[in-house]
Amino acid sequence: MDAEGRLLEDLDPDQLGAVTAPRGPVCVLAGAGTGKTRTITRRIAYLVDRGHVAPGQVLAVTFTKRAAGEMRTRLRALGVSGAQAVTFHAAALRQLRYFWPRVVGDAPWELLDGKLRLVGQAANRVGAPTSAESLRDLASEIEWAKASLVTPDDYPVAVSKARRDVPLPAEQISRVYQGYEQLKTRARMLDFDDLLLHTAAILEEHSDVAVEFRDRYRCFVVDEYQDVTPLQQRVLDGWLGGRDDLTVVGDANQTIYSFAGASPRPLLDFPRRFPEAVVVRLERDYRSTPEVVSLANQVIGAARDRPAGSRLRLIGLRPPGPVPMFSEFDDEPTEAQAVAERVGALLRNGVAASEIAILYRVNAQSEAYEQALTEKQIPYQVRGGERFFARPEIRQAMMSLRSAAGGAPTAELPTVVREVLKPHGLSLEPPTGGAQRERWESLLALVELAEELDSVTPGADLARFVGELEMRAEAQHPPTVEGVTLASLHAAKGLEWDAVFLIGLTDGTVPIQHADTDEAAIEEERRLLYVGVTRAREHLWLSWSLSRTAGGRRSRRRSRFLYGLLPEDHPAARSIGGASREAGPARRAVRVECRVCGDALTSTPAIKLGRCATCPSDVDEELLERLKKWRAARAKQLRVPPYVVFTDTTLTAIAEQRPADTGGLVAISGIGPSKLDKYGADVLALVKGGAGVGST
Ligand code: ATP
Ligand code: MG
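About the cut-offs
- Residues numbered from 1 in each chain as written.
- Chains lettered and ligands numbered in written order.
- Predicted model: local features only at pLDDT ≥ 70, side-chain atom pairs only at ≥ 80, totals over all residues.
- Heavy atoms only, no water.
- Helix = DSSP H or I, 4+ residues; strand = E, 2+ residues; numbered from the N terminus.
- Buried < 20%, exposed > 50% of the residue type's maximum accessible area, 1.4 Å probe, protein only.
- Contact = heavy atoms within 4.5 Å.
- Areas by Shrake-Rupley, 256 points an atom, 1.4 Å probe, with all protein chains shown as cover.
- Polar contact = N/O pair within 3.5 Å; in protein donor to acceptor, adjacent residues only side chain to side chain.
- Axes fitted to C-alpha atoms, helices over the stretch in contact; angles between N-to-C directions.
- Parallel < 35°, antiparallel > 145°, perpendicular 65-115°, else oblique.
- Nonpolar A, V, L, I, M, F, W, Y, C, P; charged D, E, K, R; others polar.
- Core = buried A, V, L, I, M, F, W, Y, C linked by side-chain atoms within 4.5 Å.
- Pairing = 2+ DSSP bridges.
- Salt bridge = Lys/Arg side-chain N within 4 Å of Asp/Glu carboxyl O.
- Phe/Tyr/Trp six-rings, centres within 6.5 Å; stacked < 30°, edge-to-face > 60°.
- Lys NZ or Arg CZ within 6 Å of the ring centre and 35° of its normal.

J.: Summarise the overall build of the protein; cite the residues concerned and give the values.
T.: Check the secondary structure of the protein and you find 26 helices and 16 strands. Buried positions account for 54% of the 696 residues belonging to the protein. The contacts of the protein with a sequence gap of at least 6 include a subset with a gap of at least 24, amounting to 76%. Total accessible area on the protein is roughly 29800 Å²; 52% of this is exposed by carbon and sulfur atoms.

Here is the structure:
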C-alpha cells in the first residue's frame, strides 16, 4: 500500500480534474487500476482542505468492509480524520439506531444476524424443502428480492421479468418470503436489508428527520458504484434529498453482483441524470504492468454484452514485467503444490507475504491451498470465507466421522468416508444449486483427503483418518498476522497485490457450472475473471488441473475464457520448478527426456509416457489389451471406476516399457508405493505373460 503523498501530487490531468471539480455531481467511469479509489479519497481530502466541507459532513460508502477499510487507510494517510468511510449497511445501522427512538418510539428491535433459522420455520410452514442448502438458496432469493425492492406478492412476476433462474417454484419462494417477513416482524427483528429499507422509509416519510440528517451530511461519495442495488440507490436518494453533491466512481466491467440485484445502470446513466456533472474517463492503468494490462484488455474485450460507455481500453503505465504464466496440471493437489512452491520462490525473492494472493471462484477450493501452504510453513489468511475446518458442514461431517470411527472397517477408507458423508449431502453427482454445490465440494475435499491417506498409508482406518484431520485442523489454525491472502474473486474486488495466482480455472468453475444456461450469468463470470486479472501489479499466474484427484480421470477442460488468450500451439500442459525464475516459459525442476528422441518433456501425459506424444509408440498392443481386461476385473472387484486402478496413460506406459521388476514399475510416473503394494505383483505377472487376475 503506498503512502499517498501530498494532496495533488501524482495525479494525472484527468484525475486532477475530478479531484478539484467544484462541489456538485462528479462521475468517474474508468477501468480497473486507473486510480478511481485514489481519486475519490483525494477529492474528499481536497474538499476538506479547501474548507468546502467539514470532515464530519462527508459520507463515503462502498460495498465491502475490506474496501471501506482501504478507503479509511488512504484517508488517514492524507491526514483526513472524521470523515466517515463505511459500507452502506454500516451507515444505515448507525442512522437507524439514532433516529429509531424518535420515529418509532421505544419499541426495541434486534438485528437478525443470519436469516436461516426464520427462513427454516417459514419454509416448514408452507411445505418447502428445509435442507441446509435449500434454506441458503431461499435466503439468497429473499435477499435478491429485497435488494431489488420486490415484495413477496410481486416476486413471481419479478423473477420471470428478470429471467432469473430460481431454485424452487417462484410461488413457493414467494410464500416462504412472506412467512419469513411475518415471523421476523413478530419477533421484533430487523435483517440487514431492513436496515436499508427502514432508513430509506424514515428519510422519505419524516421530514424533520430528513432535515436534520441532510444538515449533518452534505457531501456523498460512492466507490464501486457499478454494484449498487435498487435498495441502496433508494437510500442514497434519501440521503441526497434532491441535492447533487455526489461523487461516484465505478467500472461497469467489474459488475459482479448482478446475481444479487446490483446493476451498473445508475453509474452509466449518471451523466444523463445530472447533465451538469463533471464526467471523467480514465484509461491509464497505474496498477499493473503492460503485460497484465494487455491480458486484462483481452479478457474483457471478448465480453459479449458490454454496455455503451464501458468500452474502455486500458493503457499500462508501469515498466514491463514478467509475462503472465499459464499452467496446466494433471490434478488439483499437484496444482496446489506448484502454487505453494512458486509462492515460496517469490518470498525468497523478497516479495512480502502480504503482497501475494491466491484467488478462487468458490470457497471450497481453498482447502488444497491451505494444506499446501501449511506444509511449506507459509503463513496465510483466508478472506471473505471461513477456513476450511471452521465451515459448519465440515464441523458436522467431522462429528459424524468421529462417531463412526469406533466400528470395524467394512471397506477401503475412501469408500467408508463416502458412506458416512452421504447423509451430509455428498451425492454421487454434483448438485447444481449454488450453496448446495459449495457444500458438496467441501465434503468431496474430505474424501480426497481420505484417498490421499489411503494411498500413502494403505489400510489406514477411519480412526486414523479422523486423527489426521484433527492434526490438519490444528496446523491450519494458528492465528497469522501477516500472510498470503486466500480469497474468493468476489472478495478481492478493489484490492491489489504484487503477485496474484488465479487457480482452478476450469470450465464448470470459471464460469461456474450453474451459470451455464444463461448468457448473462456467463458474462458476469467473465467479468469476475477480469476482476481477478486486474488485481495483479506484477506477477500473474493462471492455472487449472484436468482432474480433481491425483491419478483421477483427466476429464476437465480449461476455462472457455482462456481459449482466446492462449495461442493454440501453446504448450498448455506445463509445470513449474525453477525457484529463482521470474518469468518466461515454465520448466520442470528435473529435466525429463523422451526415451525415443531425447527431447525435454514438458507436458504431464508425455512425462508419464516417457516420450513425446508425437514420437512413435512402441506399445505392446497385446499386453495393453490384457492390462485393460485385468483393470476392468479389478475395478469391478473393488467397485471403483477403472481409472482409480490405473489411468489409460499409465497402462500405456506399462505396455510400452514392460517393466521386469519393482524398480521398473515405480520408475513409471503414476505408480507410487500404494499402487505398487496393491497391484505390483499382478502387473509384473501380466508383463511376464501371466493372467494376473486372481492374485488377490
Ligand atoms: P479498481 O477498479 O480495481 O478499484 P481503482 O481505479 O480504484 O481500481 P486505485 O486502487 O485507486 O485504482 O489505484 C490503483 C493503483 O495505482 C494504486 O496503487 C494507486 O496508488 C496507483 N495510482 C493511481 N493513480 C496514480 C497516479 N496518478 N500516479 C501513480 N500511481 C497511481
Ligand atoms: Mg478502487
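J.: Please set out the side chain of E523 residue by residue, giving values where relevant.
T.: Here E523 lies in helix α20 (residues 519-533). What makes E523 buried here is its relative accessible area of 1%. A polar contact is formed between the side chain of E523 and the side chain of R526, at a distance of 3.0 Å. With residues near it in sequence (within four places) discarded, E523 still touches A303, R304 and D305.

J.: Quick rundown of the packing of helix α6 (residues 132-147) against helix α8 (residues 170-186)? Include the residues and the values.
T.: At a minimum axis distance of 10 Å, the contact between α6 and α8 shows a crossing angle of 80 degrees. For the element pair α6 / α8, the angle class is roughly perpendicular. Taken together, the residues of α8 that come into contact with α6 (itself represented by L138, E141, I142, A145 and K146) are I173, V176, Y177, Y180, E181 and K184. Of the residues that constitute the contact of α6 with α8, the class distribution is seven nonpolar, no polar and four charged.

J.: So what's going on with the nonpolar core? Residues and values would help.
T.: Judged by nonpolar contacts, the single largest core of 40 residues is most densely connected at L59, V222, W239 and L246. Ranked by residues supplied to this core, first place goes to helix α4 (residues 88-104) with six residues. Other than its neighbours up to four places away in sequence, L246 contacts G24, P25, V26, F220, V222, L236, L240, F270 and F274. Listed in part, the 37 residues of the second largest apolar core include L502, V533, F561 and L566.

J.: Tell me about the sheet that holds strand β6 (residues 219-222), residues and numbers included.
T.: Taken together, the six strands give an open sheet; going across it, the order is β3-β2-β6-β7-β1-β8, and neighbouring strands pair in parallel fashion. Only two strands of the sheet have a single neighbouring strand rather than two, namely β3 (84-87) and β8 (278-282). The mean angle between the axes of side-by-side strands here comes to 15 degrees, regardless of whether they run parallel or antiparallel. Alignment of strand β2 (residues 58-62) against β3, held across four bridges, turns out to be parallel. The residue of β3 that forms the bridge with V61 is V86. Across the sheet, helix α11 (residues 230-240) touches β2, β6 and β7 (246-250), and the angle it forms with β6 is around 160 degrees.

J.: So what's going on with the environment of H514? Residues and values would help.
T.: Within the fold, H514 resides in the loop between β15 (497-502) and α20. The sequence separation of H514 and P431 amounts to 83 residues, and the corresponding C-alpha distance is 9.3 Å.

J.: Account for the sheet that holds β15, with residues named and values stated.
T.: If you walk across this open sheet you meet the six strands as β11-β16-β15-β12-β14-β13, and the pairing is parallel. Looking at which strands have only one partner, the edges of the open sheet turn out to be β11 (325-331) and β13 (380-383). Recorded for the sheet is a direction-independent mean angle of 20 degrees between the axes of neighbouring strands. Where β13 and strand β14 (residues 484-488) come together, four bridges link them in parallel fashion. Counted as the bridge partner of R383 is A487 from β14. Against the sheet, helix α14 (residues 332-348) contacts β11, β12 (356-360), β14, β15 and β16 (536-547), and its axis sits at roughly 160 degrees relative to β16.

J.: Lay out the pattern of salt bridges with the relevant residues and their values.
T.: Two side chains with opposite charge may pair up if their charged atoms get near one another. Taken as a whole, this structure holds 42 salt bridges when the rule is applied. Put simply, D191 and K115 hold a salt bridge, and the shortest N to O gap is 3.9 Å. Of this pair, D191 sits in the loop between β5 (189-190) and α9 (192-205) while K115 sits in the loop between β4 (110-111) and α5 (116-126), placing them 76 residues apart in sequence. Each member of the pair, D191 as well as K115, carries the same accessibility label: buried. For the salt bridge of E141 with R164, the shortest nitrogen-to-oxygen distance reads 3.0 Å. Here E141 is found in helix α6, whereas its partner R164 is found in the loop between α7 (155-161) and α8, with 23 residues between them in sequence.

J.: Break down the packing of aromatic side chains for me, citing the residues and quoting the values.
T.: In this structure the tally under the stated criterion is 16 aromatic pairs. An angle of 50 degrees between the planes, with centres 5.6 Å apart, marks the rings of F501 and W541 as tilted. With F501 in strand β15 and W541 in strand β16, this residue pair connects regions lying 40 residues apart in the sequence. Summarising the burial analysis for this pair, F501 and W541 share the class buried. A connected cluster of aromatic rings, assembled from ring pairs, spans F63, F88, F213, Y217, F220 and W239. Directly above the aromatic system of Y563 lies the positively charged group of R558, at a separation of 4.2 Å from the ring centroid.

Structural measurements only, silent on function.
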